[in-house]
Amino acid sequence: MSSIFLVEAASQYLLASTFLRFSEFSENIFFRDKLFTLEEFADWYADKFGKFSYYEDWTGFNIPSRILEPFLRGGFDPLNRKERRFLDIWNCVPKPFYIIGVQAGKIDLPTLKHEIIHGLFNTNHEYKSIVEKELADMNCNNIHAALENATYHKSVWIDETNAYAICGASGLIEDGLNLSSFLPVKKIARKVFRNFFGFDMVNASMDKVLGLVHRIPFGTC
């Protein structure tokens, strides 16, 4: 049975504002493994990008269940209401598991696929090992530089390289990605996925990919 859970938030704002601290604690170049307030993050983000537009900028999220622990232990107190409700969802779910999030009703299929790739990479150790081995033999310097510019922590570069290679990386062009140089990586990543899972994620239908996850609605109170 899948250990990937898809949280479908009632709005884009609810999605991004709920996931913000969980996601940035997991993969941000500056805030990974650090305790921080929403105000501290907002100040950093506005300084980095010219304004605080996080709630509009990010439409998909992914975190491993271990990221919840410091929040549950009180490290991030005070939690806001959305964060408390989010944590309550997982009270009876056996660990480890993986959480992804998108907006309900307006699910963007490439975004959903990107987040599911993260879930599969982090819950299937054999698949992860194959991806890591194959990408170790590739020149990933350009994509890694682009990911760094996009504020991803280096610990998730292989994971993100794989997801962007399979599901599209045009969003990283403004961060310095050369799509032509990225083509060999895309071919390998898509081939590995197809050979391992037995289907082509690029052309998979919405029903196909939704069948890979447990769906959880997340609405307003």
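Structure: see above.
Okay, so let's go over this structure. For clarity, every value in this text was computed on a predicted model and none was experimentally measured.

The next thing to look at is the packing of aromatic side chains. Taken as a whole, this structure holds 40 aromatic pairs when the rule is applied. Just above the ring of F218 sits the side chain of R85; from NZ or CZ to the centre is 4.4 Å. In this arrangement the basic side chain of K208 is found over the ring face of F199, its NZ or CZ atom lying 4.5 Å from the centre.

Here the focus is a negative patch on the surface. Taken together, E39, E40, D43 and D47 make up a surface patch of like negative charges. Relative to the helices and strands, E39 is located in helix α2 (residues 38-49). Classification of E39 as exposed rests on a relative accessible area of 59%.

Under the counting rule described, the total for this entry stands at 4 salt bridges. Ionic pairing is found between D33 and R32, a salt bridge with its closest N-O pair at 3.7 Å. A residue is classified by how much of its surface remains accessible, and R32, at 19% relative accessible area, is buried. With its nearest N and O atoms 3.7 Å apart, the salt bridge here joins K95 to E69. Of the two residues, K95 sits in the loop between α5 (81-88) and β3 (98-103) while E69 sits in helix α4 (residues 69-72), which places them 26 residues apart along the sequence. You can call K95 partly exposed: its relative accessible area is 47%.

The rules behind each value
Residues numbered from 1 in each chain as written. Predicted model: local features only at pLDDT ≥ 70, side-chain atom pairs only at ≥ 80, totals over all residues. Heavy atoms only, no water. Phe/Tyr/Trp six-rings, centres within 6.5 Å; stacked < 30°, edge-to-face > 60°. Lys NZ or Arg CZ within 6 Å of the ring centre and 35° of its normal. Patch = residues over 30% accessible without salt bridge, like charges linked within 9 Å, V, L, I, M, F, W, Y side chains within 5 Å. Areas by Shrake-Rupley, 256 points an atom, 1.4 Å probe, with all protein chains shown as cover. Salt bridge = Lys/Arg side-chain N within 4 Å of Asp/Glu carboxyl O. Lys, Arg positive; Asp, Glu negative; His and termini not counted. Charge placed at Lys NZ, Arg CZ, Asp CG, Glu CD. Helix = DSSP H or I, 4+ residues; strand = E, 2+ residues; numbered from the N terminus. Buried < 20%, exposed > 50% of the residue type's maximum accessible area, 1.4 Å probe, protein only.

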